[in-house]
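# Chain and residue survey
So you can see what is in the structure, the chains are spelled out below.
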Amino acid sequence: MSRKRAAPEEDKSKSVKRGSFNPSWQNGLEVSLKDTASHLYSDELVVIIRDKFPKAKHHFLLLPQACIDNLELLDESHVMLLEHMIEKGKDFAKTNIEPKTKNSVRLGFHMVPSMSHLHMHIISQDFDSIYLKNKKHWNSFASPFFRDAESVLEILKKNGKASIDKKKGEELLKQPLRCHVCKELPANIPRLKEHIKRHDKDRS
Ligand code: AMP
Ligand code: ZN
């Protein structure tokens, strides 16, 4: 009898802790980096790809071409790279996302990434997606677990590093569901999804 294999996204949320090593899916971004057909933008320093499990109508990832695993490996020498990532992310949002949505777009990093290879999320704030399924997904984009790229840059400039706080990250992911706009506390994901429709500027 054949057993249905769970999709990587499901594997991840059920059995793998953020920051732990699981080579079967964790290197997916490395694969995309090598697959030039998946590149929506590229230059000598960065690449932009689609997020495979978008958590909003417009969700992309910007990766440096260089092999940098995560924020913890950044130092003063990476300030220019991070500035370039932000500049290109903003340009991409302006050209490819903003004309298609009335919702705002955020650029940022998860406090504790689940995938290898440094990546900056470029994501519209409608959170209208079938892939947004659970509290971890929500809190990873709608709580301070999502670190704005500009603030990471400021911290890197000031401290020469942009450390990862795994303990704080785990706590933030367990927080109650809270609307990112009005701070209401919906009881569960279906109610949250119903609630956030009223803030989705594309529906008005
Ligand atoms: P993070 O928690 O910051 O590591 O987020 C990783 C992101 O990568 C998530 O938004 C996933 O939906 C996305 N993702 C997972 N696998 C792939 C893949 N193979 N290609 C593109 N995006 C992916
Ligand atoms: Zn609200």
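Residues numbered from 1 in each chain as written. Chains lettered and ligands numbered in written order. Predicted model: local features only at pLDDT ≥ 70, side-chain atom pairs only at ≥ 80, totals over all residues. Heavy atoms only, no water.

### As for the overall build of the chain
To be explicit about the condition: Each helix is a run of DSSP H or I of at least 4 residues and each strand a run of E of at least 2, with the numbering of both proceeding from the N terminus. Classification of residues uses two cut-offs on accessible area relative to the type maximum, computed with a 1.4 Å probe and protein chains only: under 20% is buried, over 50% is exposed, and between them is partly exposed. Residue exposure ignores everything except the shown protein chains as possible cover, and the areas themselves are Shrake-Rupley values with a 1.4 Å probe.
Per the secondary structure count, the chain includes eight helices and six strands. Along the chain direction, N to C, the helices and strands of the chain fall in the order α-α-α-β-β-β-α-β-β-α-β-α-α-α. The buried share among the 204 residues of the chain stands at 47%. Per element, the accessible surface of the chain, about 11,300 Å² overall, is 53% carbon and sulfur.

### Looking at the packing of helix H5 (residues 135-142) against helix H7 (residues 166-174)
Worth spelling out the cut-off: Note on method: axes are straight lines fitted to C-alpha atoms, helices fitted across the in-contact stretch only, with angles between N-to-C directions ranging 0 to 180 degrees. Each helix crossing is assigned a hand: it is left-handed if the near helix lies turned anticlockwise from the far helix by less than a right angle, otherwise right-handed if that turn is clockwise. Note on contacts: a residue pair is in contact if any heavy atoms of the two residues lie within 4.5 Å. For this scheme, ten residues count as nonpolar: Ala, Val, Leu, Ile, Met, Phe, Trp, Tyr, Cys and Pro. Four count as charged, namely Asp, Glu, Lys and Arg, and the remainder, Gly too, count as polar.
Put simply, H5 and H7 touch, their axes get as near as 8 Å, and they point 115° apart. When the axes of H5 and H7 are compared, the crossing they make is right-handed. In this structure, H5 uses Lys135, Lys136, Asn139 and Ser140 to contact H7, whose residues at the interface are Leu172, Leu173 and Lys174. Class assignment for the residues of the contact of H5 with H7 results in two nonpolar, two polar and three charged.

### Looking at the packing of aromatic side chains
The geometry of an aromatic ring pair comes down to the distance between the two centres and the angle between the two planes. Heads up, the rule is: Centre distance within 6.5 Å is the pairing criterion for rings of Phe, Tyr and Trp, where only the six-membered ring of Trp is used; planes under 30 degrees apart are then read as stacked, over 60 as edge-to-face, and the remainder as tilted.
Going through the model one piece at a time under the given rule, you end up with four aromatic pairs. Ring geometry for Phe127 against Trp138: centres 5.1 Å apart, planes inclined by 70°, an arrangement best described as edge-to-face. Pair noted here: Phe127 is in the loop between strand E5 (120-124) and H5 and Trp138 is in helix H5, with a separation of eleven residues, a long-range link. The buried category is assigned to Phe127, whose relative accessible area is 3%.

### Some details on empty space enclosed by the protein
Using the following cut-off: Whether a set of points on the 1 Å grid over the protein atoms alone is a cavity depends on a 1.4 Å probe fitting there but being unable to get out, while an open set qualifies as a pocket with protein on both sides within 12 Å along at least five of seven lines; lining residues are those with an atom within 4 Å of a point. Grid points are joined across faces, edges and corners, and a volume is the space filled by probe spheres set on the points.
With the rule as written, the count across this model stands at one cavity of 30 Å³ or more. Here the largest cavity defines a volume of roughly 70 Å³. Every residue lining the largest cavity is listed: Asp69, Asn70, Leu71, Phe109, His110, Pro113, Met115, His117, Leu118, His119 and His121.

### Here's the deal with the nonpolar core
Here is the rule: Think of a nonpolar core as a cluster: buried Ala, Val, Leu, Ile, Met, Phe, Trp, Tyr and Cys residues, connected wherever their side-chain atoms sit within 4.5 Å.
Residues Leu71, Leu82, Met85, Phe109, Met120 and Ile122 are the most contacted members of the largest nonpolar core, which totals 32 residues. Mapped onto this core, the elements with two or more residues apiece are strand E2 (46-50), strand E3 (59-64), helix H4 (79-97), strand E4 (105-110), E5, helix H6 (149-159) and H7. Looking at this core, the element that brings in the most residues is H4, giving eight residues. Those residues in contact with Leu71 that sit more than four places away from it in its chain are Phe109, Leu118, Arg147, Val152, Ala162 and Ile164. Of all hydrophobic cores here, the second largest spans twelve residues; its members include Phe141, Leu177, Cys179 and Leu192.

### Description of H6
Here is the rule we go by: Directions are taken from the helix axis to each C-beta atom, and the arc is the one they span.
Burial in H6 covers these residues: Ala149, Val152, Leu153 and Leu156. Burial along H6 is one-sided: seen end-on, the buried residues are contained in an arc of 100°. Tucked inside the fold, the buried residues of H6 contact H4, E4, E5 and strand E6 (146-148).

### What to know about the coordination of the zinc ion (ligand 2)
Going by this rule: The donor set comprises N, O and S atoms within 2.8 Å of the metal, extended to 3.2 Å for Na, K and Ca; water molecules are omitted, so apparent gaps in a site may simply reflect that omission. Every angle between 85 and 135 degrees makes a four-donor site tetrahedral, while opposite donors more than 155 degrees apart, with all other angles between 65 and 115, make a four-donor site square planar and a six-donor site octahedral; other sites are irregular.
At the metal site, the zinc ion (ligand 2) is ligated by Cys179 (SG), Cys182 (SG), His195 (NE2) and His199 (NE2), and these contacts range over 2.0 to 2.3 Å. Because the angles between the four donor atoms bound to the zinc ion (ligand 2) fall within 102 to 117°, the donor set is best described as tetrahedral. When the donor residues of the zinc ion (ligand 2) are listed from N- to C-terminus, their spacing reads C-x2-C-x12-H-x3-H.

### As for the sheet that holds E6
Picture the strands of a sheet paired through backbone hydrogen bonds; they go either parallel or antiparallel. Operational definition: Only when DSSP finds a minimum of two bridges between them are two strands counted as paired.
The strand order across the open sheet formed by six strands is E1-E2-E3-E5-E4-E6, and the pairing between neighbours is antiparallel. Looking at which strands have only one partner, the edges of the open sheet turn out to be strand E1 (41-42) and E6. Across four bridges, E4 lies against E5 in antiparallel orientation. Paired with Arg106 across the bridge in E5 is Ile123. On the sheet, H5 packs against E3, E4, E5 and E6 and is oriented at approximately 110° with respect to E4.

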